[in-house]
Amino acid sequence: MDDSKVIGGKVKKPGKRGRKPAKIDLKAKLERSRQSARECRARKKLRYQYLEELVSSRERAICALREELEMYKQWCMAMDQGKIPSEIKALLTGEEQSKSQQNSTRHMKAGKTDANSNSW
């Protein structure tokens, strides 16, 4: 007896549906799959390189901040002992000098404007 079934007036045969792919299509599909895998591995490699560079830059920043924190701790300990670190003195004298320079330039500008107003 025939294994065919009649459904809705159409004869259906058991087995795979659709057309069978040719061997060329299988080879092309396999090559596309290999190419896609190569591209995926390349993207993954680039992503990991980027992340490793990001981690190393962050680690360097952390080390620099730790050194800065240690320096501030030493300054605080010195100030607790009544000593003023030379770095802080340099900062303070640098600020005082810049303030005195600003004041002197202001006085000079004020003197010039007074001289200009008197000459008229």
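Residues numbered from 1 in each chain as written. Predicted model: local features only at pLDDT ≥ 70, side-chain atom pairs only at ≥ 80, totals over all residues. Heavy atoms only, no water.

### With respect to the overall build of the protein chain
A tally of regular secondary structure across the protein chain gives two helices and two strands. Start at the N end of the protein chain and walk to the C end: the helices and strands fall as β-β-α-α. Surface exposure of the protein chain reaches about 12000 Å², of which carbon and sulfur atoms provide 56%. (Helix = DSSP H or I, 4+ residues; strand = E, 2+ residues; numbered from the N terminus. Areas by Shrake-Rupley, 256 points an atom, 1.4 Å probe, with all protein chains shown as cover.)

### Some points on the packing of aromatic side chains
Scanning all chains against the criterion turns up one aromatic pair. With a centroid separation of 5.5 Å and 70° between ring planes, the pair formed by Y72 and W75 is classed as edge-to-face. Of the two residues, Y72 and W75 are both situated in helix α1 (residues 23-80); the distance of three residues between them amounts to about one turn of the helix. Overall, Y72 belongs to the partly exposed group, its relative accessible area being 38%. (Phe/Tyr/Trp six-rings, centres within 6.5 Å; stacked < 30°, edge-to-face > 60°. Buried < 20%, exposed > 50% of the residue type's maximum accessible area, 1.4 Å probe, protein only.)

### With respect to the pattern of salt bridges
Any two side chains of opposite charge can pair, so long as their charged atoms come close to each other. Enumeration over the complete set of coordinates arrives at one salt bridge. One salt bridge in this structure joins R38 and E31, with 3.2 Å as the shortest N-O distance. The class for R38 is partly exposed, based on a relative accessible area of 38%. (Salt bridge = Lys/Arg side-chain N within 4 Å of Asp/Glu carboxyl O.)

### Here we look at the environment of E87
Residue placement: E87 occurs in helix α2 (residues 86-119). Sequence-wise, E87 and W75 are twelve residues apart; in three dimensions their C-alpha atoms are separated by 8.8 Å. A distance of 3.5 Å separates a polar atom in the side chain of E87 from a polar atom in the side chain of W75. (Polar contact = N/O pair within 3.5 Å; in protein donor to acceptor, adjacent residues only side chain to side chain.)

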